[in-house]
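As a plain string of letters, each chain reads:
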Amino acid sequence: MLNNTEIIGIDHGNRNMKTASSVFSAAIQPLQTRPDNLENILEYQNKIYYVGGQVPVMERVDKTDNDDYYLLTLAALAKELKFRKLTSSKVMLGTALPPRRFQQQKDGFKKYLSKTKELHFKFEGIHYHVTLENVYVFMQGHVVIHTLIKDNSGFCLLIDIGGGTVDLVGFVDGMPDGNYAISDKAALYCINRVNEEMVARLGTSVPPFFIESFMRYGDYECPDKYRIEITKCLREYSSEIYDIIQSNNYNLDLTNMVFMGGGASIIQHFGNNKDRNVKFVTDVCANAKGCEEAVKSIMRARRKIQNERTA
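Remember, predicted model here, so these are calculated numbers, not experimental data.

Chemist: Describe helix α1 (residues 68-83), with residues and values.
Modeler: Taking 1.5 Å per residue, 16 residues should reach 22 Å; α1 reaches 23 Å between its end C-alpha atoms and fits that length. In terms of burial, α1 is a largely internal element, twelve of the 16 residues being buried. Among all positions in α1, only Tyr-69, Tyr-70, Leu-71, Leu-72, Thr-73, Leu-74, Ala-75, Ala-76, Leu-77, Ala-78, Glu-80 and Leu-81 are buried. Among the residues trailing α1, Lys-85 stands out with phi positive, at a value near 60 degrees.

Here's what the structure looks like:
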């Protein structure tokens with residue numbers, strides 16, 4: 001809290017919504033009637049929605065083209081306020097967009113999230129009142145490098161493996177150097193690729209959550225034939241990611257690399273990382289936490305300027 005205002009960061013992912021304390025599926029669907037069980041139920045403007053479920057295996061390029069992410073934002077606010085034992089609060093909201101879309105979409109995304117200042121809604125039967133003081137839109141990855149990594153001096157390459165894309169962003173002393181690269185071989189690609197290989201090699205598909213467990217933890221309780229083949233696929237995928245880095249003229253032996261995003265754990269568990277200068281930010285809530293720290297920095301700087309003017 002800063003000046004009686006809660007600072008909340010939200011990461012609007014293709015697969016999951018994240019706050020500093022929660023992760024939930026970025027899926028929402030309208031309901032015709034209010035169910036008896038109100039778990040994951042959002043009520044807003046006399047409409048009822050179920051939050052969660054299966055997310056389409058695809059990237060949503062423009063998150064403002066319908067109301068889904070606005071409604072998911074309300075659910076995220078409710079989850080974070082519940083964690084903080086609040087139902088009513090002023091809120092400074094921090095969000096982030098991928099580097100490749102930041103300049104083009106930041107103004108529209110801010111307008112999209114700021115369209116109503118006084119918010120009244122229910123989540124899981126609890127009424128929430130949020131006064132939205134302001135919305136800040138940052139660049140994904142930048143908030144992590146700038147606020148959460150203690151030693152960010154010199155050059156480093158951020159490899160953000162999200163659901164829909166892999167973003168390569170160079171940083172010098174914690175600030176973007178203006179060089180960006182992008183690939184579509186991200187986590188969703190990896191899941192689909194592994195499943196295709198399972199069909200080709202073993203004659204059967206496997207559920208996405210099964211593959212994701214391997215991606216996150218490096219293993220999963222299953223018959224050896226699946227473990228062997230999935231491990232091979234994830235090692236091949238990790239090699240593809242390093243090939244992408246190299247193809248963008250980065251020296252794998254000399255570059256300080258920071259992997260983050262949902263796919264960072266794949267490289268951590270299955271990549272050829274020996275003798276390479278690599279760090280892994282595997283906390284899926286890192287962008288949300290970074291957004292909060294970035295907003296706090298802005299507020300402190302403004303307060304310092306005000307104090308100097310009145311001194």
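And the narrative resumes.
Chemist: Requested: an account of the layout of surface pockets, with residues and values cited.
Modeler: Of the volumes computed, that of the largest pocket is approximately 910 Å³. Elements represented by at least two residues in the lining of the largest pocket include exactly β1 (5-12), β2 (16-18), β3 (23-25), α2 (99-113), β10 (155-161), α4 (187-202), α5 (208-217) and α8 (286-310). The leading source of residues in the lining of the largest pocket is α5, at six residues. Split by residue class, the lining of the largest pocket holds 15 nonpolar, 17 polar and 13 charged.

Chemist: Would you mind going over the sheet that holds strand β13 (residues 257-260) in detail, with residue names and values included?
Modeler: Read across the sheet, five strands follow the order β12-β11-β10-β13-β14 without closing on themselves; strand pairing throughout is mixed. In this open sheet, the two edge strands, each paired with only one partner strand, are β12 (175-183) and β14 (278-281). Adjacent strand axes in the sheet meet at a mean angle of 20 degrees when their direction is disregarded. With four bridges joining them, β10 and β13 adopt parallel strand pairing. Bridging from a neighbouring strand, Ile-159 pairs with Phe-259 of β13.

Chemist: Just give me the short version of the pairing of β10, but keep the residues and values in it.
Modeler: Extensive coverage of β10 is indicated by the burial of six of its seven residues. Relative to strand β11 (residues 166-172), β10 is paired through seven bridges, and the arrangement is antiparallel. Among the inter-strand pairings, Asp-160 is bridged to a residue of β11, identified as Asp-167.

Chemist: Run through the side chain of Asn-40, naming residues and quoting values.
Modeler: The topology assignment puts Asn-40 in the loop between β4 (28-31) and β5 (41-44). Excluding residues that lie within four positions of it along the chain, Asn-40 makes contacts with Tyr-49, Tyr-50, Val-51, Lys-79, Phe-123 and Glu-124.

Chemist: Could you give an account of the sheet that holds strand β7 (residues 88-97), naming the residues involved and the relevant values?
Modeler: With respect to topology, nine strands assemble into an open sheet ordered β3-β2-β1-β7-β9-β8-β5-β6-β4, the strand pairing being mixed. Strands with a single pairing partner mark the edges of an open sheet, and in this sheet they are β3 and β4. Between one strand axis and the next, the sheet turns by 35 degrees as a mean value, whatever way the strands run. The sheet contact formed by strand β8 (residues 118-123) and strand β9 (residues 126-139) spans six bridges and is antiparallel. Bridging across to β9, Phe-123 finds its partner in Ile-126. Where α2 meets the sheet, it contacts β1, β7 and β9, and its direction lies at approximately 150 degrees from that of β9. Sheet contacts for α8: β1, β2, β7 and β9; angle to β1, the most-contacted strand, approximately 140 degrees.

Chemist: Can you explain the packing of α4 against α5? Please cite residues and give values.
Modeler: Describing two packed helices takes the angle between their axes plus the distance from one axis to the other. Between α4 and α5, the least distance of the axes is 10 Å, while the angle of their chain directions is 115 degrees. By the angle between their directions, the pair α4 and α5 is classed as roughly perpendicular. Here α4 and α5 pass one another in a crossing that is right-handed. Counted together, Ala-187, Ile-191, Val-194 and Asn-195 of α4 and Pro-208, Ile-211, Glu-212 and Met-215 of α5 form the full contact between these two elements.

Chemist: Hey, could you go over the pattern of salt bridges for me, with residue numbers and the actual values?
Modeler: Applying the stated criterion across every chain, the model contains 20 salt bridges. Asp-11 is paired through a salt bridge with Lys-18; the nearest N and O atoms lie 3.6 Å apart. Across this residue pair, the class does not change: Asp-11 and Lys-18 are buried. Here the residues in one salt-bridge network are Lys-185, Arg-193, Glu-197, Arg-201, Glu-229, Lys-232, Glu-236 and Glu-240, joined through shared partners.

Chemist: Let's hear about unusual backbone geometry: which residues, and what values?
Modeler: We note that Lys-85 has phi near 60 degrees; this positive angle belongs to a residue other than glycine. Within the fold, Lys-85 resides in the loop between α1 and β7. Taking relative accessible area as the criterion, Lys-85 reaches 77% and is therefore assigned exposed. Of note, Asp-275 is a non-glycine position whose phi angle comes to about 65 degrees, a positive value. Its place among the elements puts Asp-275 in the loop between α7 (264-270) and β14. Residue classification places Asp-275 among the exposed positions, given a relative accessible area of 70%.

The rules behind the values
Residues numbered from 1 in each chain as written. Predicted model: local features only at pLDDT ≥ 70, side-chain atom pairs only at ≥ 80, totals over all residues. Heavy atoms only, no water. Helix = DSSP H or I, 4+ residues; strand = E, 2+ residues; numbered from the N terminus. Expected span 1.5 Å × (residues − 1). Buried < 20%, exposed > 50% of the residue type's maximum accessible area, 1.4 Å probe, protein only. 1 Å grid on protein atoms, 1.4 Å probe; cavity = no way out; pocket = protein on both sides within 12 Å on 5 of 7 lines; lining within 4 Å. Points joined across faces, edges and corners; volume = space filled by probe spheres on them. Nonpolar A, V, L, I, M, F, W, Y, C, P; charged D, E, K, R; others polar. Pairing = 2+ DSSP bridges. Axes fitted to C-alpha atoms, helices over the stretch in contact; angles between N-to-C directions. Contact = heavy atoms within 4.5 Å. Parallel < 35°, antiparallel > 145°, perpendicular 65-115°, else oblique. Left-handed = near helix turned anticlockwise from the far one by under 90°. Salt bridge = Lys/Arg side-chain N within 4 Å of Asp/Glu carboxyl O.

Without other data, these values stay purely geometric and don't point to any function.
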